Amino acid sequence: MSGLGLVILLSIAIIFIVVSTAKFKLHPFVALLIAAYGIALGSGITLDDTVKTITSGFGGILAYIGIVIVLGTIIGTILEKTGAAIAMADYILRKVGRQRPALAMTIIGYIVSIPVFCDSGFVILSALKKSLAKQTGKSAVTLTVALATGLYATHTLVPPTPGPIAAAGNLHVDNLGLVILFGLGISIFTALAGFAYAQWIGKRVKSGEDEAINLREHDDVRTQYGKLPSTLNAFLPIIVPIALIALASVVKLLFGKEQSVLLSAIYFLGQPVTALLIGLFFAFRLLPHWNEETLNGWIGKGVKDAGSILIITAAGGALGSVLKASGIGDYLGSALQSMSLGILVPFVIAAALKTAQGSSTTALVVTSTIIYPLLQPLGLESTIGSILTIMAIGAGAMTVSHANDSFFWVVAEFSEMDVATAYKSHTMATLVQGLVTITIVALLSVVLL
């Protein structure tokens, strides 16, 4: 098939994925698998090679990040169930001060969303936010947007959140520590952009919460957990894995392939699977009881929650393997290279997918599979280039959250916002975040590539 024919085939596949998932609510796993078969057969890959390419791509991604996603999701479930997220929030409030509640909400969201999905994080922290609005007299809209954008900043940029991990796997980036370091650094600007917009929009619109906020709600949410974990115990399941992975990455940069017992131990502990397993052991210390409910029920919930992410991610790996084998990447990459779009290409694709079908994780998975064959033609094949590509995809995957995104409705319903107010506040905030993030990524690409 000609190069133009391959591009048309890819366009049809993307349209199919968007329409089938957004309009007809087809599960992304099935949509991605059908698209993979369609591109393989349409591009002339033999019947035998079609199956081999799809299954190898599917299994390859699971081998790389499957266990990491499961462990990260289990840790997030334990943090949610034990009230550790509330304990972390209380600590940050004490340090930042109740006179700066919006900044506190941004920081709380930024930290909590690293292991906990932003939807769950907002639900957990919603009562705390209402209580702060009542106690400080600060605009409820300001606190809502500050919390939502703080959660969103790390949700699409910082592992062990599943989306960025899946993107790293699809782009074959084996240095997850560097992804974390870049994600943490870039997402600070993302969170600050959301914080600034929250301050601005809170002076211009109001929600139902501004009319009536129940001071007792924060107390109620605390009592449902009983005694909250200590601050140290609440933070350790997050801090320890990230620190181990980051340490191994820094040491690897400094010492390269040099070997010693100490270096081997650091590399072993800094492997994402090992680091997350250690984080899980720290999370076990939060369990109020060691019984069937916690050791089986709570962990089982984490495994179930991870299941859907795993199969979508693996199906994305299958699609990526087909795209590479079809030759679409070589042709499209050459065409895009002549347009000098570079790092903007993954952002635009991810933003289009996110806006059209609503799921940030799906946007991250699909875009990374499409972009992988294009890395070399776009001049992004180096380790730093691949990591900045993940950041660009993450920026697109937050642009924008609106009515087809479950997070939009969580924010709107728990904050008593009508749809128009939610669009003015939450949706526009995610647009600002996405544009600021891709601007930072583009500047970094000019300096580092």
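Basis of the calculations
- Residues numbered from 1 in each chain as written.
- Predicted model: local features only at pLDDT ≥ 70, side-chain atom pairs only at ≥ 80, totals over all residues.
- Heavy atoms only, no water.
- Helix = DSSP H or I, 4+ residues; strand = E, 2+ residues; numbered from the N terminus.
- Rg over C-alpha atoms; globule rule 2.2 N^0.38 Å.
- Buried < 20%, exposed > 50% of the residue type's maximum accessible area, 1.4 Å probe, protein only.
- Contact = heavy atoms within 4.5 Å.
- Lys, Arg positive; Asp, Glu negative; His and termini not counted.
- Charge placed at Lys NZ, Arg CZ, Asp CG, Glu CD.
- Phe/Tyr/Trp six-rings, centres within 6.5 Å; stacked < 30°, edge-to-face > 60°.
- Lys NZ or Arg CZ within 6 Å of the ring centre and 35° of its normal.
- Expected span 1.5 Å × (residues − 1).
- Core = buried A, V, L, I, M, F, W, Y, C linked by side-chain atoms within 4.5 Å.
- Axes fitted to C-alpha atoms, helices over the stretch in contact; angles between N-to-C directions.
- Parallel < 35°, antiparallel > 145°, perpendicular 65-115°, else oblique.
- Left-handed = near helix turned anticlockwise from the far one by under 90°.
- Nonpolar A, V, L, I, M, F, W, Y, C, P; charged D, E, K, R; others polar.
- Patch = residues over 30% accessible without salt bridge, like charges linked within 9 Å, V, L, I, M, F, W, Y side chains within 5 Å.
- Areas by Shrake-Rupley, 256 points an atom, 1.4 Å probe, with all protein chains shown as cover.
- Salt bridge = Lys/Arg side-chain N within 4 Å of Asp/Glu carboxyl O.

A. Expanded view of the overall build of the protein. Helices and strands together make up the secondary structure of the protein, namely 20 helices and 0 strands. Here the protein has a C-alpha radius of gyration of 22 Å; the compact-globule value for 449 residues is 22 Å, and the two agree. A buried classification covers 58% of the 449 residues belonging to the protein. A separation of at least 24 residues holds for 82% of the contacts in the protein among residues at least 6 apart in sequence. Both charge centroids of the protein, one from 26 positive and one from 22 negative side chains, sit 7 Å from each other.

B. Inspection of the packing of aromatic side chains at higher detail. Using the criterion set out here, one finds 9 aromatic pairs in the structure. Taking 6.3 Å as the distance between ring centres and 45° as the angle between the ring planes, the aromatic pair formed by Phe281 and Phe284 counts as tilted. Residue Phe281 and its partner Phe284 are located together in helix 13 (residues 272–284), separated by 3 residues, close to a single helical turn. Through a chain of ring-to-ring contacts, the aromatic side chains of Phe122, Tyr152 and Phe407 assemble into a single cluster. For Lys23, the ring lying beneath its charged end belongs to Phe24, and the centroid distance is 5.9 Å.

C. Inspection of the environment of Thr73 at higher detail. Looking at where Thr73 falls in the secondary structure, it is placed in helix 3 (residues 47–82). Accessibility expressed as a relative area gives 6% for Thr73, which makes it buried. Sequence separation of Thr73 and Ala306 is 233 residues, and the distance between their C-alpha atoms is 6.0 Å. Ignoring anything within four residues of it in the chain, the contact list for Thr73 reads Phe117, Pro162, Gly302, Asp305 and Ala306.

D. Molecular detail of the side chain of Thr77. Looking at the element boundaries, Thr77 is found in helix 3. Taking the relative accessible area as the measure of exposure, Thr77 reaches 4% and is therefore buried. Excluding residues that lie within four positions of it along the chain, Thr77 makes contacts with Trp298, Lys301, Gly302 and Asp305.

E. Main features of helix 16 (residues 344–357). Spanning 14 residues, helix 16 covers 20 Å between terminal C-alpha atoms, matching the ideal 20 Å at 1.5 Å per step. Listed in full, the buried residues belonging to helix 16 are Val345, Pro346, Phe347, Ala350, Ala351, Leu353, Lys354 and Gln357. Taken from the residues just after helix 16, Gly358 is the one with a positive phi, measuring 95°.

F. Fine view of the nonpolar core. Judged by nonpolar contacts, the single largest core of 140 residues is most densely connected at Ile39, Ile108 and Leu125. Residues in contact with Ile108, not counting those within four places in the same chain, are Ala89, Ile92, Leu93, Leu125 and Leu128. Counting residues in each nonpolar core, the second largest holds 5 residues, with Ala248, Val251, Ile266 and Tyr267 among its members.

G. View of the side chain of Thr421. Summarising the element assignment, Thr421 is placed in helix 20 (residues 419–448). When residues no more than four places from it in sequence are discounted, the contact partners of Thr421 are Val205, Lys206 and His426.

H. Representation of the packing of helix 3 against helix 13 within the structure. Orientation of helix 3 relative to helix 13, taken along the N-to-C sense of each, is 20°, at an axis distance of 9 Å. With respect to helix 13, the element helix 3 is oriented roughly parallel. Note on packing geometry: the crossing formed by helix 3 with helix 13 is left-handed. Facing Ile67, Val68, Leu71, Gly72, Ile74, Ile75 and Ile78 of helix 3, the residues of helix 13 in contact are Pro272, Val273, Leu276, Leu277, Gly279, Leu280, Ala283 and Phe284. Looking at the contact of helix 3 with helix 13 residue by residue, the classes come out as 13 nonpolar, 2 polar and no charged.

I. Examining a nonpolar patch on the surface more closely. There is a patch of nonpolar side chains on the surface, built from Leu4, Ile8, Ile12 and Tyr331 and spanning about 400 Å² of accessible area. Counting residues per element, the nonpolar patch draws most heavily on helix 1 (residues 3–22), at 3 residues. Residue position: Ile12 is located in helix 1. The exposed category is assigned to Ile12, whose relative accessible area is 51%.

J. Region of interest: unusual backbone geometry. Residue Thr399 is joined to Val400 through a cis peptide bond whose omega torsion reads 0°. Following the sequence through the fold, Val400 ends up in the loop between helix 18 (383–396) and helix 19 (406–414). The backbone of His172 shows a phi angle near 60°, a positive value even though the residue is not glycine. With respect to the secondary-structure elements, His172 resides in the loop between helix 8 (162–170) and helix 9 (176–201). One non-glycine residue, Glu416, adopts positive backbone phi at about 55°. Mapped onto the elements of the fold, Glu416 is located in the loop between helix 19 and helix 20.

Distances and angles like these do not, on their own, reveal function.
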